Amino acid sequence: MFSAFRSIDHSAQIRTPTDAAEKRLDGIGHVLSDLDIAAIKTQDDVNRALWTLDAASKCVRAVLAEFRTQPATEQLIRKSRNLIDLIERARDEVVSFQARAILS
């Protein structure tokens, strides 16, 4: 789900505050690219995945809040929304996995 973030060039120069925000968002996506929802087997796995997703969501919102006073580019807003949407979809998958496990 987050695998697109694996190919990001992390050597890019930071020239503006918006560049810094985008680099932070890319980093959050890169960390999430290692999250393997299909590998969830136990309640501890569910808890860890939910914690990771919640923390990532808070980080994205913190980046947006920090740069709220800066002239945000459409790309920054789009990237943030995309990440938040992916996080919410992943969270829904984890919660549905948890519900299926309880019913089994």
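Residues numbered from 1 in each chain as written. Predicted model: local features only at pLDDT ≥ 70, side-chain atom pairs only at ≥ 80, totals over all residues. Heavy atoms only, no water.

A. Summary view of helix H1 (residues 17-32). Taking 1.5 Å per residue as the helical rise, H1 with its 16 residues ought to reach 22 Å, and the 23 Å between its terminal C-alpha atoms agrees with that figure. Listed as buried for H1 are Thr18, Ala20, Ala21, Glu22, Leu25, Asp26, Ile28, Gly29 and Leu32. (Helix = DSSP H or I, 4+ residues; strand = E, 2+ residues; numbered from the N terminus. Expected span 1.5 Å × (residues − 1). Buried < 20%, exposed > 50% of the residue type's maximum accessible area, 1.4 Å probe, protein only.)

B. Structural view of the pattern of salt bridges. Evaluation of the coordinates by the stated rule reveals five salt bridges. The salt bridge partner of lysine 79 is glutamate 22, with a shortest N-O separation of 3.9 Å. Pair noted here: lysine 79 is in helix H3 (residues 74-103) and glutamate 22 is in helix H1, with a separation of 57 residues, a long-range link. Accessibility expressed as a relative area gives 18% for lysine 79, which makes it buried. Look at glutamate 22 and you get buried, because its relative accessible area is 12%. One continuous salt-bridge network, built from bridges that share partners, spans Glu22, Asp26 and Lys79. (Salt bridge = Lys/Arg side-chain N within 4 Å of Asp/Glu carboxyl O.)

C. Layout of the confidence of the model for the protein. Looking at the protein, the pLDDT average stands at 82 and 81% of residues meet or exceed 70. Looking at the elements of the protein, mean pLDDT is at its lowest for H3, recorded as 86, and at its highest for helix H2 (residues 43-66), recorded as 92. (pLDDT = per-residue confidence, 0-100.)

D. How the structure looks around the packing of H1 against H2. One can describe the packing of H1 onto H2 by two numbers: an axis separation of 10 Å at closest approach and a directional angle of 175 degrees. Judged by the angle between their axes, H1 and H2 are roughly antiparallel. Residues Ala21, Arg24, Leu25, Ile28 and Leu32 of H1 form the contact with H2, whose participating residues are Thr52, Leu53, Ala56, Cys59, Val60, Val63 and Glu66. For the contact of H1 with H2, the class distribution of residues is nine nonpolar, one polar and two charged. (Axes fitted to C-alpha atoms, helices over the stretch in contact; angles between N-to-C directions. Parallel < 35°, antiparallel > 145°, perpendicular 65-115°, else oblique. Contact = heavy atoms within 4.5 Å. Nonpolar A, V, L, I, M, F, W, Y, C, P; charged D, E, K, R; others polar.)

E. Local environment of the environment of threonine 42. Structurally, the position occupied by threonine 42 is in the loop between H1 and H2. Residue classification places threonine 42 among the partly exposed positions, given a relative accessible area of 39%.

F. Layout of the environment of valine 46. Relative to the assigned elements, valine 46 resides in helix H2. Counting along the chain gives 49 residues from valine 46 to valine 95, while the straight-line C-alpha distance between them is 7.8 Å.

G. Summary view of H2. When the terminal C-alpha atoms of H2 are compared, their 34 Å separation across 24 residues agrees well with the 34 Å that a helix rising 1.5 Å per residue should span. When H2 is considered as a whole, its buried residues turn out to be Val46, Ala49, Leu50, Leu53, Ala56, Ser57, Val60 and Val63.

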